[in-house]
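Structural description and commentary
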Amino acid sequence: MKKLIYLDNAATSFPKPPRVLEAMTRFMTEVGANPGRAGHRLAKEAERIVWHTRESLARLFHIAKPERIVFSLNVTEAINTVLLGVLKAGDHVVTTAMDHNAVLRPLEFMRKKGHVSVDIVPCDRQGFLDLDVLKQCLKKNTALVAVNHASNVCGTLQDIRAIKGIIGEIPLLVDTAQTAGCVPIDVERDGIDFLAFTGHKGLLGPQGTGGVYIREGLSVRPLKRGGTGSVSESLDQPDFLPDALESGTQNNVGIAGLGAGVDYLLERGVADIMKHEQALTAALLKKIRHLPGISVYGPLDATRQTATLSLTFDSILPDGEDQSLGGCGAINLAWMEEGRDPGEIGALLNDSFDILVRAGLHCAPLAHKVLGTFPEGTIRLSMGVFNTLEEVALVAEAIQRIVEGAP
Ligand SMILES: Cc1ncc(COP(=O)(O)O)c(C=O)c1O
């Protein structure tokens, strides 16, 4: 059987390290109990496993107190927890045009309700945030700045430290969906006040896991209230973390798997993973960026992006045109209409080449407006820690064959 090439790691990473499955199987077959809800030994073991995951995440992100990490179902829930739990009526929020709907939709909902005002900072054609405009957007009532660490469309990495340098005391929420586990993150060095993460992408855990780190001194109103296994005599929600924000039984089997995924990362080292992914990105860029008939979007520089590339098949764009557009192959919509539909190419890669990619808008419509690829979207190739240079060569060959008219 022909081997599948999985290039949809920006949606969810696959495969997972075997130890992730082993940890989940062990939880289900040998532990199974509810952590913090009883004193018996299986409940204690479940508690130890959940705490171990919290500690491993704390080591990964250089967080001094693991209890400042609260688990959630995914980064979307983590982001909602912060936006809805921090912002008050009359507050102003700043976000970016490269952000995901996980940030943009809750903010739009709150804005339409008249609860908050929102500024969306523009980005250049490669997806980089305009830091001067960011500075100009800040107001007396700016209560939060929410930024995507890396674009899930074209991989552009924002300079988080520089952003914090500009916003100063204003709390910074970073969506690390595309960087946690792939790019070294240090909440102290980078000045991150709220770090929202998802467990099933670069952290190599299962779907249905995620969470948020909350800097000491900052408080978040809970989205939900209920049983926590602590201070049960009181009808009031506990006011200490993580219990304040972790009501009800969590996805503990998932958290067990997530812990094993993070331990894999800690052993191998995120810097080493980043190096591997940069090598894959550089190799793929080298092979495809100058192919006539395609446009590649984003920084086109493995050191300034994650291992996610977006492209369109535009027969009109002359070879080398990307250079004259500031390193970004973005073209105008009139040209794009002449190109081939991203969905059609995605299906072709899937059906004829066994290469699994995602086509469309990737839940980030404003990012496509930045790149000039709205509303058709792009074909996204997102590589992960288990992809290889051999696979990159096969993918480049397939793209070349499609450009030449295959199948
Ligand atoms: C940048 C970014 N933010 C948020 C999300 C939402 O992730 P999840 O579905 O795990 O909540 C994604 C994933 O698609 C993403 O890439």
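Keep in mind that this is a model prediction, so the values were computed, not measured.

What follows deals with the domain arrangement of the chain. Considered domain by domain, the chain is made up of domain 1 (18–268) and domain 2 (270–403). Relative to domain 2, the C-alpha centre of domain 1 lies at a distance of 29 Å. Between domain 1 and domain 2, the residue contacts involve 26 residues of the former and 32 residues of the latter. At the level of elements, helix 4 (101–112) and helix 8 (252–268) are the ones that each hand at least two residues to the side of domain 1 that touches domain 2. Partitioning the side of domain 1 that touches domain 2 into residue classes produces 13 nonpolar, 11 polar and two charged.

Moving on: the nonpolar core. With 113 residues, the main nonpolar core has Val82, Leu195, Ala196, Val212 and Tyr213 as its most contacted residues. For this core, the element with the highest residue contribution is helix 8, accounting for eight residues. Looking at which domains feed residues into this core, each of domain 1 (18–268) and domain 2 (270–403) supplies at least three. With residues up to four places along the chain from it excluded, the contact list for Val82 reads Leu173, Phe194, Ala196, Val212 and Val220.

Bringing the site of the ligand into the picture now. Neighbouring the ligand are 15 residues; Asn74, Thr76, His100, Asn152 and Ala177 lie closest to it. Residue classes in the shell around the ligand are distributed as six nonpolar, eight polar and one charged.

Moving on: the confidence of the model for the chain. On average, residues of the chain carry a pLDDT of 92, and 94% of them reach 70 or more. The low-confidence segment residues 316–337 (pLDDT under 50) makes 44 contacts with residues lying over four places distant or belonging to another chain.

Another point: helix 2 (residues 41–61). Across its 21 residues, helix 2 extends 30 Å between first and last C-alpha, which sits within 8% of the 30 Å expected from 1.5 Å per residue. Considering only its buried residues, helix 2 is in contact with helix 1 (18–31), strand 2 (69–72), helix 7 (187–190), strand 7 (194–198), strand 8 (210–214) and helix 8. His62 sits one or two positions beyond helix 2 and adopts a positive phi of about 60°.

Calculation notes
Residues numbered from 1 in each chain as written. Predicted model: local features only at pLDDT ≥ 70, side-chain atom pairs only at ≥ 80, totals over all residues. Domains from an automatic or database assignment. Contact = placed C-beta atoms within 7 Å. Helix = DSSP H or I, 4+ residues; strand = E, 2+ residues; numbered from the N terminus. Nonpolar A, V, L, I, M, F, W, Y, C, P; charged D, E, K, R; others polar. Core = buried A, V, L, I, M, F, W, Y, C linked by C-beta atoms within 7 Å. Buried ≥ 20, exposed ≤ 12 C-beta atoms within 10 Å, placed from the backbone. Near = placed C-beta within 6 Å. pLDDT = per-residue confidence, 0-100. Expected span 1.5 Å × (residues − 1).

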